[in-house]
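Observations on chain architecture
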Amino acid sequence: MFYESAYSNRMFHFCTDKFHHTFLMILVQLMVICAMSPIAKTFELQHLKENTEIRVTQDTYDKFVYFSKMCALATCITDYKLKVGETLYDGGCPSNLKFCSDLNVNPALKDTVIEVLLKLEEYQLGTGFLAVDHFHKILILVFRGSTTSWDWFHDFLLMPSAYDPYSKEHYEKQVGEGKVPPCENCKLHYGFGNFWKTLHPEFVNRLESFAMKYPDYKLIITGHSLGGVLATMAGVEFKLRGFEPQVVTFAQPKLFNSEMAHWVNQLFAVYKRSQKIEDTREVEMFCENKGGLYRVVHENDQLVDIPFFFHHAGLQIDIKKYETPHEIQDLKYVGVSKDVGTSSFNSSTNTLEKEAMSTEMELYQEDWLHMYEHRNYFIRINECGYI
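Residues numbered from 1 in each chain as written. Predicted model: local features only at pLDDT ≥ 70, side-chain atom pairs only at ≥ 80, totals over all residues. Heavy atoms only, no water.

**Here we look at the overall build of the chain**
For the chain, the helix and strand inventory stands at eleven helices and 14 strands. Per-residue burial for the chain yields a buried fraction of 48% across its 387 residues. Long-range pairs, those at least 24 residues apart, make up 71% of the contacts in the chain with a sequence separation of at least 6. For the chain, the computed accessible surface area is about 19,500 Å², with 54% contributed by carbon and sulfur atoms. (Helix = DSSP H or I, 4+ residues; strand = E, 2+ residues; numbered from the N terminus. Buried < 20%, exposed > 50% of the residue type's maximum accessible area, 1.4 Å probe, protein only. Contact = heavy atoms within 4.5 Å. Areas by Shrake-Rupley, 256 points an atom, 1.4 Å probe, with all protein chains shown as cover.)

Right under this line is the structure:
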């Protein structure tokens, strides 16, 4: 019995070891097969992409900085320091500014002419200018931000109003031809819509005539803060008119309800552009002969998150660094706003939010809203004397 038992044990261990060996061999082969499969390759590529930071190209960074300086230049309108028909170098803007006198700072200053000034009533939203930059071959429409001490802030808490395209004939034609989806249940901030209505008749036809005059020039529309709101709205209208505007805003507050934010993203092919950026792992602003919609946001700028219950459109680029100057390594690609399509405006909380926010504004205007961050985008963007 003893010998039979020992023999049986030896046979059991032999079989067990052989089973383990066979199992391991099969497992290794399966791992090799899986590693060579298309699914595994796809997973590996996705994993690599997730761990590869999306970079902003040098050319795109340079454009962001240039457009931010043009936004700062728009603040010079307040003191009548910009002149129509002159190049920046020959008196079009203040000669004490390096941006207007030093070719090393602005190589385009001898080739940039201010063609139109939009000067409304004092402190009224909508002031800006149109310039033709022959150096970069662009038409650039710039809107200045508000210069008031937050009088406009209380307008943020009003109910949204239905969007009625100001280029309605063009909108209906584009929708009828299937080029643009219908904007259903689209709403936008009531106060901003009114600002746009007062501004719209004054400059659209004039800008359109310049665009026709320079068909090979790219149309850039930009603005800081509330100027960014008007830049976005102007971009929508010119997109409906068949143009391909490149809209770049800095510190822009929220503007649309969820449905309209989604529609604007469709209008500017934001989702397609986002996918291309994910695939190429880089942000190249002029990669195609198409328009685009970009929002540059300082990470700690609280004003970009108001009005509450409204939404952003476009692709977001964050500035990570607190103080200026902001270099290319300080930029981070964020992409499409994640809240689009996830919530809608809730009017029942409007009164409470209005009262709470009014109190907060009075008590914590500077610190709570991080005003330093709101004013500094690559440069001190809200004043004339810092470029």
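**A word on helix H9 (residues 270-280)**
Val270, Arg273, Ser274 and Ile277 are the residues of H9 that are buried. End-on, the buried residues of H9 take up no more than an arc of 105°, which puts them together on one face. Lining the buried residues of H9 we find helix H8 (258-267), strand S9 (282-283), strand S10 (292-298), strand S11 (315-319) and strand S12 (331-336). Downstream of H9 by one or two residues, Arg281 has phi in the positive range, about 65°. (Arc of directions from axis to C-beta.)

**Looking at the confidence of the model for the chain**
Here the chain averages 79 in pLDDT, while 71% of its residues score no lower than 70. Counted against residues more than four places away or in other chains, residues 1-51, with its pLDDT under 50, gives seven contacts. Confidence over residues 341-364 falls short of pLDDT 50; this stretch has 31 contacts with residues more than four positions distant or in other chains. (pLDDT = per-residue confidence, 0-100.)

**Overview of the environment of Tyr372**
You can see Tyr372 is positioned in helix H11 (residues 371-375). Residues Tyr372 and Asp301, 71 residues apart in the sequence, show an inter-C-alpha distance of 8.1 Å. Other than its neighbours up to four places away in sequence, Tyr372 contacts Tyr322, Glu323 and Thr324.

**Notes on the packing of helix H7 (residues 226-240) against H8**
Running from amino to carboxyl end, H7 crosses H8 at an angle of 50°, the nearest separation of the two axes being 11 Å. When the interaxial angle is binned, H7 and H8 end up oblique. The crossing of H7 and H8 is left-handed. Only Trp263, Val264 and Leu267 of H8 make contact with H7, whose side of the interface consists of Val236, Lys239 and Leu240. Classifying every residue of the contact of H7 with H8 gives five nonpolar, no polar and one charged. (Axes fitted to C-alpha atoms, helices over the stretch in contact; angles between N-to-C directions. Parallel < 35°, antiparallel > 145°, perpendicular 65-115°, else oblique. Left-handed = near helix turned anticlockwise from the far one by under 90°. Nonpolar A, V, L, I, M, F, W, Y, C, P; charged D, E, K, R; others polar.)

**Topic: the sheet that holds strand S3 (residues 128-133)**
Pairing within the open sheet is mixed, and its eight strands lie in the order S2-S3-S4-S7-S8-S10-S11-S12. This sheet does not close on itself; its edge strands, each paired only once, are strand S2 (112-118) and S12. The mean inter-strand angle of the sheet, taken between neighbouring strand axes irrespective of direction, is 20°. Of the strand pairs in this sheet, S3 and strand S4 (residues 138-143) are connected by six bridges, and their pairing is antiparallel. (Pairing = 2+ DSSP bridges.)

**With respect to the state of the cysteines**
Under the definition given, this model contains three disulfides. The disulfide that involves Cys76 links it to Cys384, with 1.9 Å between the sulfurs. With the S-S dihedral at roughly 95°, the linkage between Cys76 and Cys384 falls on the right-handed side. With Cys76 in the loop between helix H3 (58-74) and helix H4 (88-92) and Cys384 in the segment after strand S14 (379-380), this residue pair connects regions lying 308 residues apart in the sequence. The exposure class assigned to Cys76 is buried, which follows from its relative accessible area of 0%. Residue classification places Cys384 among the buried positions, given a relative accessible area of 12%. One disulfide bridge connects Cys93 with Cys100, the sulfur atoms lying 1.9 Å from each other. (Disulfide = S-S within 2.5 Å.)

**Observations concerning the environment of Ile140**
Looking at the secondary structure, you find Ile140 in strand S4. Given a relative accessible area of 0%, Ile140 falls into the buried group. Once residues lying within four places of it in the same chain are set aside, the contact partners of Ile140 are Phe67, Met70, Phe129, Leu130, Ala131, Ile220 and Thr222.

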